[in-house]
Number of protein chains: 2
Amino acid sequence: MKLLREKIELEGIVLNENVLKVDAFINHQMDPVLMKEIGKEFAARFKTEKITKILTIESSGIAPAIMTGLELNVPVIFARKRKSLTLTTDLYTSTVYSFTKQESNEITVSKDYICEGDHVLIIDDFLANGQAAIGLAGIVEQAKAKVSGIGILIEKSFQPGANEIIAKGYRLESLARIESLKDGKVNFAPKRQIQNI
Amino acid sequence: MKLLREKIELEGIVLNENVLKVDAFINHQMDPVLMKEIGKEFAARFKTEKITKILTIESSGIAPAIMTGLELNVPVIFARKRKSLTLTTDLYTSTVYSFTKQESNEITVSKDYICEGDHVLIIDDFLANGQAAIGLAGIVEQAKAKVSGIGILIEKSFQPGANEIIAKGYRLESLARIESLKDGKVNFAPKRQIQNI
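What counts as what
- Residues numbered from 1 in each chain as written.
- Chains lettered and ligands numbered in written order.
- Predicted model: local features only at pLDDT ≥ 70, side-chain atom pairs only at ≥ 80, totals over all residues.
- Heavy atoms only, no water.
- Least-squares fit on C-alpha atoms with pLDDT ≥ 70 in both.
- Contact = heavy atoms within 4.5 Å.
- Pairing = 2+ DSSP bridges.
- Helix = DSSP H or I, 4+ residues; strand = E, 2+ residues; numbered from the N terminus.
- Axes fitted to C-alpha atoms, helices over the stretch in contact; angles between N-to-C directions.
- Parallel < 35°, antiparallel > 145°, perpendicular 65-115°, else oblique.
- Nonpolar A, V, L, I, M, F, W, Y, C, P; charged D, E, K, R; others polar.
- UniProt positions renumbered as here; feature names shortened; annotations may be inferred.
- Buried < 20%, exposed > 50% of the residue type's maximum accessible area, 1.4 Å probe, protein only.

Draft legend 1. Local environment of the relation of the copies chain A and chain B. The transformation that overlays chain A on chain B combines an axial shift of 0.0 Å with a rotation of 180 degrees, and the residual RMSD is 0.0 Å. Both copies are brought into coincidence by an operation consistent with a two-fold rotation axis. Same-surface contact between copies: 100% of interface residues of chain A are shared with the interface of chain B.

Shown next as structure tokens:
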């Protein structure tokens, strides 16, 4: 997605060979017009999948997910990173390890909101090691619903998550793919052409 | 706001005299069409304030804030509840006590995104004791920016936050005001007519 790549080039900061900081427009300050365009793009890419629910994880996934939900006219659920005191119903849970924060979080979704027969689109901001996306997919499958696709804003293609997701047979759509962050520069990979072979 | 009150009546669950659960459309599952209408409503109510930034707090504030930002065409910042490892710049901080969770969180905003001269609209989902809204206002003032208003989805008018915010001289707009949650029922208060006397 050209607009996202341009934003990354203009406002992204390469902290080191593994970390791209996008706090100016995704992770802390957010650009609502960019988020709306991202929503339109995901809706277009997944329009044939008969999506019934969108699932993301707090916090940075919420803005692109709600814009995608608006385009597809379906509810959006955000998984929580720890149990809430007012969520008293039964929960689906997955354990997700964050390599950035070097800690495990339990992520939870109420059983009220994902059901057998749902076609779920998973949305997240970054794909690196794939832990969050795979954890969310695990929750969808606990609910006996279908993972209809995984939509990612920024895929770090040099880390193992993308290949792992494809190997599991999920449809993956990444709006920007990064081949490397060497020498303080963002090098983009081309759009992925062949999927789920 | 009629649409929000109807949603609360239809899908809100009164857990006890103090707690209204709105996980079906705001706090866990989110209704994107409702969020878009909320964005339009806040934009209309604050259109004369020359808003330059919107500030909210993760996670439930993000969806209504991004929709308001889209309507007003301004960036949206979400305060974090704990320090992030990739936020290496200087931070504004406030300490916020959550009566629901019975714990204090440090909330942080990077100094990069709120500046002197900004007219900031604060958005949050609930107003009960006012701790989060007042903490966010404190961050805006640390930045020598102006708190142009506080927009709340659901105000629990029987708790002290609303009066405290008005006493501090902030303009408060709540889309639904709840007078009581007695006998398992939501009793709404009328729209606030007079402000900041």
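Next comes the rest of the description.
Draft legend 2. Looking closely at the sheet that holds strand S4 (residues 53–57) of chain A. The strand order across the open sheet formed by seven strands is S11(A)-S10(A)-S9(A)-S8(A)-S4(A)-S5(A)-S3(B), and the pairing between neighbours is mixed. Looking at which strands have only one partner, the edges of the open sheet turn out to be strand S11 (187–189) of chain A together with strand S3 (29–30) of chain B. Across four bridges, the pairing between S4 of chain A and strand S5 (residues 76–79) of chain A is parallel. Bridged to Ile57 of chain A within S5 of chain A is Ala79 of chain A. Across the sheet, helix H3 (residues 62–72) of chain A lies against S4, S5, strand S8 (119–127) and strand S9 (146–156) of chain A together with S3 of chain B, angled at about 175 degrees from S4 of chain A, the strand it touches most.

Draft legend 3. Expanded view of the packing of H3 of chain A against helix H2 (residues 32–45) of chain B. Two numbers describe how H3 of chain A lies on H2 of chain B: the axes approach to 8 Å, and their chain directions differ by 105 degrees. As summarised for this structure, H3 of chain A and H2 of chain B are arranged roughly perpendicular, according to the angle between their axes. Across from Ile66, Gly69 and Leu70 of chain A in H3 of chain A, the residues of H2 of chain B making contact are Pro32, Val33, Met35 and Lys36 of chain B. Residues of the contact of H3 of chain A with H2 of chain B, tallied by class, amount to five nonpolar, one polar and one charged.

Draft legend 4. Quick peek at the UniProt feature "binding site: 5-phospho-alpha-D-ribose 1-diphosphate" (unreviewed entry) in chain A. Residues and elements named next belong to chain A. Mapped onto this structure's residue numbering, the UniProt feature "binding site: 5-phospho-alpha-D-ribose 1-diphosphate" (unreviewed entry) falls at Ala128, Asn129, Gly130, Gln131 and Ala132. Residues within four places of Ala128 in sequence aside, it is in contact with Lys156, Gln159, Pro160, Gly161 and Ala162. By secondary structure assignment, the location of Gly130 is in the loop between S8 and helix H4 (131–142). Looking at Gly130, the relative accessible area reads 4%, which means it is buried.

Draft legend 5. Quick look at the environment of Glu103 of chain A. Note that Glu103 of chain A resides in strand S7 (residues 103–110). On the accessibility criterion, Glu103 of chain A (25% relative accessible area) is partly exposed. C-alpha of Glu103 of chain A to C-alpha of Ile13 of chain A: the two residues are 90 residues apart in sequence and 24 Å apart in space. Those residues in contact with Glu103 of chain A that lie beyond four places of it in its chain are Val96, Tyr97 and Ser98 of chain A together with Arg82 of chain B.

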